[in-house]
Amino acid sequence: MRQAEFLWLDGALPDQQVRSKSRVLVVDESASFDPAAYPEWGYDGSSTYQASGHDSDLVLRPVRVVRDPFRGGDDRLVLCEVFTPDGTPHATNTRARLREVLDAGGAKQEPWVGFEQEYTLFAGERPLGFPVDGTEPRPQGPFYCGVGADRIFGRDFVEAHTRACIDAGLMIYGINAEVMPGQWEFQIGYRGIAGESPDVLNVADQLVIARWLLRRVGEEFGVEPRLDPKPVKGDWNGAGNHTNFSTAAMRSRATGLGAIRDAIERLAARHDAHIAGYGHGLADRLTGLHETCSIHEFRSGVADRGASIRIPRSVEIEGAGYLEDRRPGANCDPYTVCALLLETVCLTDRKAVSA
Ligand code: ADP
Ligand code: MN
Ligand code: MN
Ligand code: MN
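Presented here is an overview of the structure given in this document. Given the structure is predicted, the values throughout are model-derived calculations rather than measurements.

1. Description of the coordination of the manganese ion (ligand 2)
Tetrahedral coordination by four donors places them ideally at 109.5 degrees to one another around the metal; octahedral coordination by six donors ideally gives 90 or 180 degrees. Taken together, Glu116 (OE) and Glu185 (OE) make up the full set of protein donors to the manganese ion (ligand 2), lying 2.2 Å away. Metal-to-metal, the separation of the manganese ion (ligand 2) and the manganese ion (ligand 3) is 3.9 Å; Glu185 coordinates the two. Residue Glu116 is found in strand 6 (residues 112-123), and its partner Glu185 is found in strand 9 (residues 183-189); the two are separated by 69 residues along the sequence.

In structure tokens form, the structure reads like this:
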């Protein structure tokens, strides 16, 4: 017997949340990481903003299985796509659209991705580290990558989440304390470890699972991680989800920087389409201040944290690597972000883009 926690994205637009419920079943050890070894299952879509009460049954189809770091042992987390009973992807199933883009040719260029998920820990209505009397903390500066009880808030939570990601077998790359008190980041995706597959579908799935773990670990600590892109108005950094992206051509020394510059040209031509799909409330964060570029502008630069697209200094020196899209908000849908990057960088005919 094993417990499988089925995870799926609900219809709470514009910020879809991860829901889950558990099933006790028998699955052979040898197939226990194979999604096809798990049954399809149903749920009440009228309780997740995905159906009306009159016709509410929706279908969960398992697509990715990892270890369950809470229950341990034989238990698993089973990420699912949502389908309607006639077998078509539900309107909120953005993963299906990413699969289409991959099948339409996006996969040919071997796209890899790594996300930097920023988030803010809330205790009640204020971030951790914000005085309960409603006054402001001292200005930002000492908090980023800091240490000490006067500047770090929520370390135990972060340690537990990192451990949960490792135990689940996710490709967690690292973590750091961010610029605003109570704000943190974890990265997930490419980490240069042989045998791992940082392809976009796998990494986007892992980010969704890591976000579920974030809230699940929060239950243990009585804190609520939020993905709000601008959790505190005023002179405080917002929270983003920088998306690091590469194709085989970008990673090759023979073609690297040329392919990166070509991708940036294509991205420049579709700035508005990307902004529309990079998460809601983005205008509050992309102001041109606080390490962002204005939402109305597209700029790129080497080592420039005020640009829309940054080429890391190390990539320029190497002559190959990846680019960083700094625009996505913390609450972005990783499937939509990847689908847009693939459409723009890998699919569209160059002439069609600049026309
Ligand atoms: P930053 O300097 O912007 O804070 P981080 O150290 O937080 O960057 O994160 C680096 C990110 O870059 C990670 O998510 C990692 O997976 C990603 N990354 C590194 N190399 C590649 C690559 N070749 N293709 C795609 N993503 C990559
Ligand atoms: Mn980072
Ligand atoms: Mn960051
Ligand atoms: Mn970054």
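2. Some remarks on the pairing of strand 8 (residues 172-177)
As paired elements, strand 8 and strand 9 share five bridges and run antiparallel to each other. For Ile172, the partnering residue across the bridge sits in strand 9 and is Ile188. Count of turn residues in the strand 8/strand 9 antiparallel hairpin: five residues, of which Gly182 carries a positive phi of about 80°.

3. Some words on the environment of Leu60
Assignment of secondary structure puts Leu60 in strand 4 (residues 57-67). The class of Leu60 is buried, set by a relative accessible area of 0%. When the C-alpha positions of Leu60 and Val302 are compared, they lie 43 Å apart, and in sequence the two are 242 residues distant.

4. Quick word on a nonpolar patch on the surface
Together, Met1, Val24 and Val26 make up an exposed nonpolar region whose accessible area comes to about 380 Å². Considering the arrangement of structural elements, one finds Val24 in strand 2 (residues 18-25).

5. Focus on the packing of helix 1 (residues 94-103) against helix 3 (residues 200-221)
A pair of packed helices can be characterised by two numbers: the angle between their axes and the separation between those axes. Contact pair helix 1 / helix 3: the axes reach a minimum separation of 11 Å and the direction vectors enclose 165°. As judged from the angle between their axes, helix 1 and helix 3 are roughly antiparallel. Of the two elements, helix 1 crosses helix 3, and the hand of that crossing is right-handed. Of the residues in helix 3, those in contact with Arg95, Leu98, Arg99 and Leu102 of helix 1 are Val200, Leu201 and Asp205. Class assignment of the residues belonging to the contact of helix 1 with helix 3 gives a composition of four nonpolar, no polar and three charged.

6. What to know about the layout of surface pockets
One number sums up the size of the largest pocket: a volume of about 820 Å³. Forming the boundary of the largest pocket are 42 residues, of which Glu116, Asn244, Arg310, Tyr322 and Glu324 lie nearest the centre. Of all the secondary-structure elements, those providing two or more residues to the lining of the largest pocket are strand 6, strand 8, strand 9, strand 11 (241-246) and helix 8 (313-318). Top contributing element to the lining of the largest pocket by residue count: strand 6, with six residues. Its residues placed into classes, the lining of the largest pocket shows 13 nonpolar, 16 polar and 13 charged. Lining the second largest pocket are 31 residues, and of these Asp15, Gln16, Gln17, Arg211 and Leu227 lie nearest its centre. Sorting the residues of the lining of the second largest pocket by element identifies strand 2, helix 3, strand 10 (224-226), helix 6 (271-277) and helix 9 (334-347) as the ones contributing at least two each. Residue classes in the lining of the second largest pocket are distributed as 13 nonpolar, nine polar and nine charged. A domain split of the lining of the second largest pocket shows at least three residues from each of domain 1 (2-92) and domain 2 (106-345).

7. Considerations on the sheet that holds strand 3 (residues 41-44)
Spatially, 2-1-5-4-3 is the arrangement adopted by the five strands of the open sheet, whose pairing is mixed. Edge positions in the open sheet fall to strand 2 and strand 3, since each of these has one partner strand only. Along the sheet, successive strands turn relative to each other by an average axial angle of 40°, direction set aside. When strand 1 (residues 2-9) meets strand 5 (residues 76-83), the two strands line up parallel, connected through four bridges. Bridging from a neighbouring strand, Glu5 pairs with Leu77 of strand 5. Strands strand 4 and strand 5 of the sheet are contacted by helix 1, whose axis makes an angle of about 85° with strand 5.

8. A word on the pattern of salt bridges
In the structure shown here, the tally under the stated rule is 30 salt bridges. When salt bridges that share partners are traced, they join Arg64, Glu81, Arg95, Arg99 and Asp205 into one network.

Calculation notes
- Residues numbered from 1 in each chain as written.
- Chains lettered and ligands numbered in written order.
- Predicted model: local features only at pLDDT ≥ 70, side-chain atom pairs only at ≥ 80, totals over all residues.
- Heavy atoms only, no water.
- Donors = N, O, S within 2.8 Å, 3.2 Å for Na, K, Ca; no water.
- Helix = DSSP H or I, 4+ residues; strand = E, 2+ residues; numbered from the N terminus.
- Pairing = 2+ DSSP bridges.
- Buried < 20%, exposed > 50% of the residue type's maximum accessible area, 1.4 Å probe, protein only.
- Patch = residues over 30% accessible without salt bridge, like charges linked within 9 Å, V, L, I, M, F, W, Y side chains within 5 Å.
- Areas by Shrake-Rupley, 256 points an atom, 1.4 Å probe, with all protein chains shown as cover.
- Salt bridge = Lys/Arg side-chain N within 4 Å of Asp/Glu carboxyl O.
- Axes fitted to C-alpha atoms, helices over the stretch in contact; angles between N-to-C directions.
- Parallel < 35°, antiparallel > 145°, perpendicular 65-115°, else oblique.
- Left-handed = near helix turned anticlockwise from the far one by under 90°.
- Contact = heavy atoms within 4.5 Å.
- Nonpolar A, V, L, I, M, F, W, Y, C, P; charged D, E, K, R; others polar.
- 1 Å grid on protein atoms, 1.4 Å probe; cavity = no way out; pocket = protein on both sides within 12 Å on 5 of 7 lines; lining within 4 Å.
- Points joined across faces, edges and corners; volume = space filled by probe spheres on them.
- Domains from an automatic or database assignment.

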